[in-house]
Amino acid sequence: MKNGQFLTLGIETSCDETAASVVADGRFMMSNVISSQIDIHTAYGGVVPEIASRRHLERINDVIGSALSEADVTKDEIDLIGVTYGPGLVGALLIGVAAAKAMAYACDIPLVGVNHMHGHIAANYLEHHDLEPPFMALIVSGGHTEIVNVPQYNKCEKLGGTRDDAAGEAFDKVARVIGLGYPGGPKVDKAAKLGDPGSIPFKRVYLEQGSLDFSFSGLKTQALNYLNTEKQAGRDININNVAASFQEAVVEVIADKAVTAALKYGQKQIVMAGGVASNSRLRELIGSKAAVHGIEVLKPSPILCTDNGAMIASAAYYAYRSGERTGLDLDAVPGLEF
Ligand code: KG4
Ligand code: ZN
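Residues numbered from 1 in each chain as written. Chains lettered and ligands numbered in written order. Predicted model: local features only at pLDDT ≥ 70, side-chain atom pairs only at ≥ 80, totals over all residues. Heavy atoms only, no water.

S.K.: Any details on the overall build of the chain? Residues and values, ideally.
M.R.: Along the chain, the regular secondary structure elements total 11 helices and 10 strands. In the chain, buried positions account for 52% of the 338 residues. For the chain, long-range pairs separated by at least 24 residues make up 74% of all intrachain contacts whose partners lie at least 6 apart in sequence. Treating the 29 positive side-chain charges of the chain as one cloud and the 39 negative ones as another, the clouds have centres 6 Å apart. (Helix = DSSP H or I, 4+ residues; strand = E, 2+ residues; numbered from the N terminus. Buried < 20%, exposed > 50% of the residue type's maximum accessible area, 1.4 Å probe, protein only. Contact = heavy atoms within 4.5 Å. Lys, Arg positive; Asp, Glu negative; His and termini not counted. Charge placed at Lys NZ, Arg CZ, Asp CG, Glu CD.)

S.K.: Explain the pairing of strand β7 (residues 145-152) to me, using residue names and the numbers behind them.
M.R.: Within β7, six of the eight residues are buried, which leaves it mostly tucked inside the rest of the structure. In the sheet, strand β6 (residues 135-140) pairs with β7 via six bridges, with the strands oriented antiparallel. Each residue of the ladder has a partner; that of V140, found in β7, is T145. Linking two consecutive strands that pair antiparallel, namely β6 and β7, is a turn of four residues. Both β7 and strand β8 (residues 155-161) contribute to a ladder of five bridges, which runs antiparallel. The residue of β8 that forms the bridge with I147 is G160. Between the end of β7 and the start of β8, which pair antiparallel, lie two residues, with N154 showing a positive phi angle near 65°. (Pairing = 2+ DSSP bridges.)

S.K.: An account of the packing of aromatic side chains is requested, with residue identities and associated values reported.
M.R.: Under the definition given, this model contains nine aromatic pairs. Here F6 and Y320 contribute two aromatic rings whose centre-to-centre distance is 5.6 Å and whose plane-to-plane angle is 35°, an arrangement assigned as tilted. Taken together, the residues F6 in the segment before β1 (7-12) and Y320 in helix α11 (residues 309-321) connect sequence positions 314 residues apart. Here F6 and Y320 have matching classes, each one buried. For the ring pair Y153 and Y318, a centre distance of 4.1 Å and an interplane angle of 0° mean the geometry is stacked. Note that Y153 is positioned in the loop between β7 and β8 and Y318 in helix α11, a separation of 165 residues in sequence. The partly exposed category is assigned to Y153, whose relative accessible area is 22%. Site record: aromatic cluster; members linked through ring pairs are F6, Y125, F135, Y153, Y317, Y318 and Y320. In this arrangement the basic side chain of R321 is found over the ring face of Y153, its NZ or CZ atom lying 5.9 Å from the centre. (Phe/Tyr/Trp six-rings, centres within 6.5 Å; stacked < 30°, edge-to-face > 60°. Lys NZ or Arg CZ within 6 Å of the ring centre and 35° of its normal.)

S.K.: Hey, could you go over the side chain of S31 for me, with residue numbers and the actual values?
M.R.: As for its placement among the helices and strands, S31 is situated in strand β3 (residues 28-36). Looking at S31, its side chain comes within polar contact range of the main-chain oxygen of A67, at 2.7 Å. With sequence-adjacent residues up to four places away left out, S31 is seen in contact with S21, V22, A67, E70 and A71. (Polar contact = N/O pair within 3.5 Å; in protein donor to acceptor, adjacent residues only side chain to side chain.)

S.K.: I'd like a rundown of the packing of helix α7 (residues 217-232) against helix α8 (residues 239-264), residues and numbers included.
M.R.: It is at 11 Å that the axes of α7 and α8 come closest, and there the two elements cross at 155°. Overall, the two elements α7 and α8 adopt an arrangement that is roughly antiparallel. Of the two possible hands of crossing, α7 and α8 adopt the one that is right-handed. In this structure, α7 uses L219, Y226 and L227 to contact α8, whose residues at the interface are V242, F246, A249 and V250. Residue classes in the contact of α7 with α8 are distributed as seven nonpolar, no polar and no charged. (Axes fitted to C-alpha atoms, helices over the stretch in contact; angles between N-to-C directions. Parallel < 35°, antiparallel > 145°, perpendicular 65-115°, else oblique. Left-handed = near helix turned anticlockwise from the far one by under 90°. Nonpolar A, V, L, I, M, F, W, Y, C, P; charged D, E, K, R; others polar.)

S.K.: Could you give an account of the coordination of the zinc ion (ligand 2), with specific residues and numbers?
M.R.: Those protein atoms acting as donors to the zinc ion (ligand 2) are H116 (NE2), H120 (NE2) and D307 (OD), and they sit at 2.0 to 2.2 Å. For the zinc ion (ligand 2), the four donor atoms in the first shell make angles of 93 to 143° at the metal, so the coordination geometry reads as irregular. On the primary sequence, the residues serving as donors to the zinc ion (ligand 2) are separated as H-x3-H-x186-D. Residue H116 is found in helix α4 (residues 116-127), and its partner D307 is found in the loop between α10 (302-305) and α11; the two are separated by 191 residues along the sequence. For D307, a relative accessible area of 13% corresponds to the buried category. (Donors = N, O, S within 2.8 Å, 3.2 Å for Na, K, Ca; no water. Tetrahedral: all angles 85-135°; square planar, octahedral: opposite > 155°, others 65-115°.)

S.K.: Talk me through the site of ligand 1; I want residue IDs and the actual numbers.
M.R.: In the vicinity of ligand 1 lie 19 residues, with G142, D172, D189, G275 and N279 positioned nearest. Between ligand 1 and T306, the relevant distance is 3.1 Å, taken from an oxygen atom to a side-chain nitrogen or oxygen of the residue. D307 has a polar side-chain atom sitting 3.3 Å from an oxygen atom of ligand 1. Bound to the protein, ligand 1 loses 85% of the 550 Å² it would expose on its own. Mapped onto the shell around ligand 1, the elements with two or more residues apiece are α4, α5 (167-177) and α6 (184-192). A per-class count over the shell around ligand 1 returns four nonpolar, 12 polar and three charged. (Near = heavy atom within 4 Å. Areas by Shrake-Rupley, 256 points an atom, 1.4 Å probe, with all protein chains shown as cover.)

Rendered as structure tokens:
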């Protein structure tokens with residue numbers, strides 16, 4: 001406690017970001033330290049799990065130390081430690097879990113293991129201080145594309161998800177195919193601004209009537225087929241047009257399904273989360289489609305869309321308030337479900 005505020009330290013190491021943050025009363029970020037490994041993995045065109053866990057190990061203590069000092073608090077003032085224990089890369093998760101358990105034990109601080117996906121949703125509590133459940137959440141990241149009903153704090157009901165590639169994965173794969181490199185999402189977003197989204201008729205995949213599931217794996221094949229056909233015909237390829245048309249095919253389906261889900265469950269708010277939530281076209285399109293039905297769309301700023309410790313601290317705070325406690329036998333669960 002400091003100045004009457006309950007302080008949570010959040011630790012996140014599920015993929016390629018070593019992150020820690022101190023959050024007051026589950027809502028107010030006092031620090032948000034993110035040590036990104038993106039430059040290291042770029043050379044390999046994607047995250048290399050072994051390298052990720054080694055780097056987490058090298059960085060974790062400094063990152064936690066910086067999160068405390070930037071928040072101007074000491075270990076003794078921390079009331080709760082929240083840590084991501086899944087889903088994610090097992091070797092990466094283990095570093096955060098081990099660090100959190102060691103500190104919880106050494107300093108006698110309660111511990112709560114957090115589902116990374118619940119964390120992404122909780123990022124919105126940090127940005128929108130008045131936001132309270134119930135609402136509909138849309139999580140679109142490198143590993144997940146999920147529509148989740150949130151009836152109350154610390155309760156999530158998954159309504160639909162991807163059957164193959166996640167949205168971010170599709171962005172990364174198509175970016176590679178068209179030579180934009182890694183990480184693909186932001187590069188496609190940028191290139192798409194210069195292209196015509198109606199120039200190539202990529203198929204929108206809605207699956208069965210009423211389904212809230214997604215399928216994006218066919219888009220990479222469609223992009224490859226398009227490139228081959230154009231090359232064989234000796235035509236010039238406009239990468240910006242490919243990026244814009246592909247992006248439109250992805251974001252249109254995501255926006256439609258998120259709005260359908262909100263209408264079905266009578267929710268007046270959709271909150272966005274995950275790395276792909278920073279896609280400029282998705283933010284614009286979902287906003288306009290939802291507005292037609294009087295539904296508000298809340299978007300965290302890009303720094304809270306990406307993996308961070310603050311969102312884990314916020315989720316841990318609400319889990320703790322609803323009575324959750326985690327023992328020191330906490331283990332990483334790479335395939336953790338909702
Ligand atoms: O949530 P996140 O930081 O990590 C996890 O996957 O948990 O999401 C990373 C993903 C990557 O696939 C990246 O290409 C994508 O989010 N991404 C974007 C944009 N910024 C990041 N995709 C589309 N448009 C963007 N502006
Ligand atoms: Zn994530």
